[in-house]
Amino acid sequence: MTIKPLFDKIVVKAVEAETKTSSGLFLPDSAKEKPQTAIVIAVGPGGVIEGKEIQMQVKKGDKILYNKYSGNDFKIDDQEVTIIKQSDVLAVIED
């Protein structure tokens, strides 16, 4: 299945956080926080939103840092994804 976001929306897949601390302890699922780093899977076209011209600043394949409590989580083709607004993106991570 292909997902095509609308307007200024971005579909991302979270990058899994480490399950082991630097001292070697394993973290249970209940102790893990929601990831804030993700890979962009799909990007909307942008356009005029609420009277403002929005140009998309991210592209498919970018690794991003986004607001912790933003977006909506979905399961598509057995894959967990989050749909966020471009304004929730804090930075693009360059390796």
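Here the residue numbers are simple positions, counted from 1 along each chain's written sequence. With the structure being a predicted model, the display of local features is reserved for residues of pLDDT at least 70 and the display and counting of side-chain atom pairs for 80 or more, all residues being used for whole-chain, interface and lining totals. Based on all heavy atoms of the structure, the side-chain values leave hydrogens and waters out of the count.

This part takes up the overall build of the protein chain. A run of H or I in DSSP counts as a helix once it spans at least four residues, and a run of E counts as a strand once it spans at least two, with each numbered from the N terminus. When helices and strands are tallied, the protein chain shows 0 helices and 8 strands. Helices and strands appear in the protein chain in the N-to-C order β-β-β-β-β-β-β-β. Residue burial in the protein chain is summarised as follows: out of 95 residues, 24% are buried. Nonlocal contacts in the protein chain, meaning residues at least 24 apart in sequence, comprise 66% of its contacts between residues at least 6 apart. Approximately 6,900 Å² of the protein chain is accessible, and the part contributed by carbon and sulfur atoms is 51%. For every residue, the accessible area obtained with a 1.4 Å probe (protein chains only) is divided by the maximum for its type, and the residue is called buried under 20%, exposed over 50%, and partly exposed between those limits. By the convention used here, residues are in contact when the closest approach between their heavy atoms is within 4.5 Å. Here the accessible surface of atoms and residues is derived via Shrake-Rupley with a 1.4 Å probe, and residues count as covered only by protein chains that are part of the display.

Definitions used throughout: a 1 Å grid over protein atoms alone; a cavity as a set of points that fits a 1.4 Å probe which cannot get out; a pocket as an open set with protein on both sides within 12 Å along at least five of seven lines; a lining residue as one with an atom within 4 Å of a point. Grid points are joined across faces, edges and corners, and a volume is the space filled by probe spheres set on the points. Here the second largest pocket defines a volume of roughly 160 Å³. If you trace the second largest pocket, you find it lined by Met1, Thr2, Ile3, Val11, Ile41, Ala42, Lys60, Ile76, Asp77, Gln79 and Val81. At the level of secondary structure, the elements contributing two or more residues to the lining of the second largest pocket comprise strand S2 (37–43) and strand S7 (79–85). Polar here means any residue other than Ala, Val, Leu, Ile, Met, Phe, Trp, Tyr, Cys and Pro, which are nonpolar, and Asp, Glu, Lys and Arg, which are charged; Gly is therefore polar. Grouping the constituent residues of the lining of the second largest pocket by class yields 7 nonpolar, 2 polar and 2 charged.

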